[in-house]
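# Structure at a glance
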Amino acid sequence: MVSEEHKRVLDPEHDAAALKALTHPLRIRLLGLLRQDGPATASELAVRTGETSASTSYHLRVLAKYAFVAEAEHCDRRERRWRAVHLVTSWSNKEMDAASESRAFVSFARRRQIEHLEASLVRHEADIAAGRLGQEWLEPSDITDLLLRLTPESLTELRQVLDRKVEELTTRDADDPRAAQVVFFTAGLPLAPHDPALDPDTSVPASTDEDTS
C-alpha cells in the first residue's frame, strides 16, 4: 500500500485535462519508466523507448505541466533530469463512471497495465534465464487467475486486506539488501451471468494456481 503523499488521486471533474494528457501511450510509458527506474534525462528515455529526444522532451514537459513529473536534482546543467512526482496514480471508479471521457481513460489505463504485465513477464523470464535473479526467486514467483464467487462487500474486504498486507511487508523489507523490485498485479473484475447458448464466443480461461507448497 502506497502512502497518501506518494499517491496522485485524479478527480475527473477537476482533472479532465490531466486525464487527457495521460491517454498518450508514450507519456504513460515515460511516467512508468521514471517510477520504476528513477530519474532520467529525455535523451536517456529516448534510447530506452526508441523515440527521438525531441519527442521525449516534449512529452515530459506535458507531464510536468500536469504535475506528474518534475525536475530532479542534477549536476550537469546541459540537460534536465526528470523524476516522477508520485509512485501511484489512482482514482475512484464510481466517480470515473460519471462521464464517457473518464470511463474511456480507465479502460485505456487498465489495458496499459495488461501490456505492462506482458512486458514484465518477458523481462522476468529473461532475468531468470540469464542468472540475473537467483534461484531463490523461482518458487515464490507466480501468476494466478481464480474464478471466485464473492459479494461486492467481500471483494472490497479482499482488496483492503491485501492493501494492509502489502504495506506491512514492504515496510518490513524496506532496508533488507535481499529485497528486489517486484511487479505485483491484482484484478477483481466481476462478470454478469450469461447464456452460453446465446453468447458462445465468450472466452473463459481455466483457473490456474501454481503450487508453491
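Check the entry above for the structure.
First, a word on scope: everything that follows refers to the structure included in this document. Everything numeric in this text was worked out from a predicted model, so none of it was measured.

## Regarding unusual backbone geometry
Although it is not a glycine, Ala67 sits at a positive phi angle of roughly 65 degrees. Inspection of the secondary structure assignment puts Ala67 in the loop between helix 4 (53–65) and strand 3 (69–71).

## Things to note about the packing of aromatic side chains
Within this structure, the stated rule accounts for one aromatic pair. Taken together, a centroid distance of 5.3 Å and an interplanar angle of 75 degrees make the contact between Trp91 and Phe105 edge-to-face. Pair noted here: Trp91 is in strand 5 (residues 88–91) and Phe105 is in helix 6 (residues 100–129), with a separation of 14 residues, a long-range link. Note on Trp91: relative accessible area 22%, which makes it partly exposed. Across the ring face of Phe68, the terminal group of Arg8 is positioned such that the distance to the ring centre comes to 4.4 Å.

## What about the packing of helix 2 (residues 25–37) against helix 4?
Here helix 2 crosses helix 4 at 80 degrees, and the two axes come no closer than 10 Å. Compared by their axis directions, helix 2 and helix 4 come out roughly perpendicular. Contacts from Leu26, Arg27, Leu30, Leu31 and Leu34 of helix 2 reach helix 4 at Ser55, Thr56, Tyr58, His59, Leu60, Val62 and Leu63. Class assignment for the residues of the contact of helix 2 with helix 4 results in eight nonpolar, three polar and one charged.

## Examining the sheet that holds strand 2 (residues 40–41)
Within the open sheet, the three strands sit side by side as 2-4-3. Their pairing is antiparallel. In the strand order of this sheet, the two ends are held by strand 2 and strand 3, each with one partner. The pairing of strand 2 with strand 4 (residues 81–84) spans two bridges and is antiparallel. Along strand 4, the bridge assignment pairs Ala40 with Trp82. Packing of helix 2 onto the sheet brings it into contact with strand 2, strand 3 and strand 4, and relative to strand 4 it is tilted by some 85 degrees.

The rules behind each value
- Residues numbered from 1 in each chain as written.
- Predicted model: local features only at pLDDT ≥ 70, side-chain atom pairs only at ≥ 80, totals over all residues.
- Heavy atoms only, no water.
- Helix = DSSP H or I, 4+ residues; strand = E, 2+ residues; numbered from the N terminus.
- Phe/Tyr/Trp six-rings, centres within 6.5 Å; stacked < 30°, edge-to-face > 60°.
- Buried < 20%, exposed > 50% of the residue type's maximum accessible area, 1.4 Å probe, protein only.
- Lys NZ or Arg CZ within 6 Å of the ring centre and 35° of its normal.
- Axes fitted to C-alpha atoms, helices over the stretch in contact; angles between N-to-C directions.
- Parallel < 35°, antiparallel > 145°, perpendicular 65-115°, else oblique.
- Contact = heavy atoms within 4.5 Å.
- Nonpolar A, V, L, I, M, F, W, Y, C, P; charged D, E, K, R; others polar.
- Pairing = 2+ DSSP bridges.

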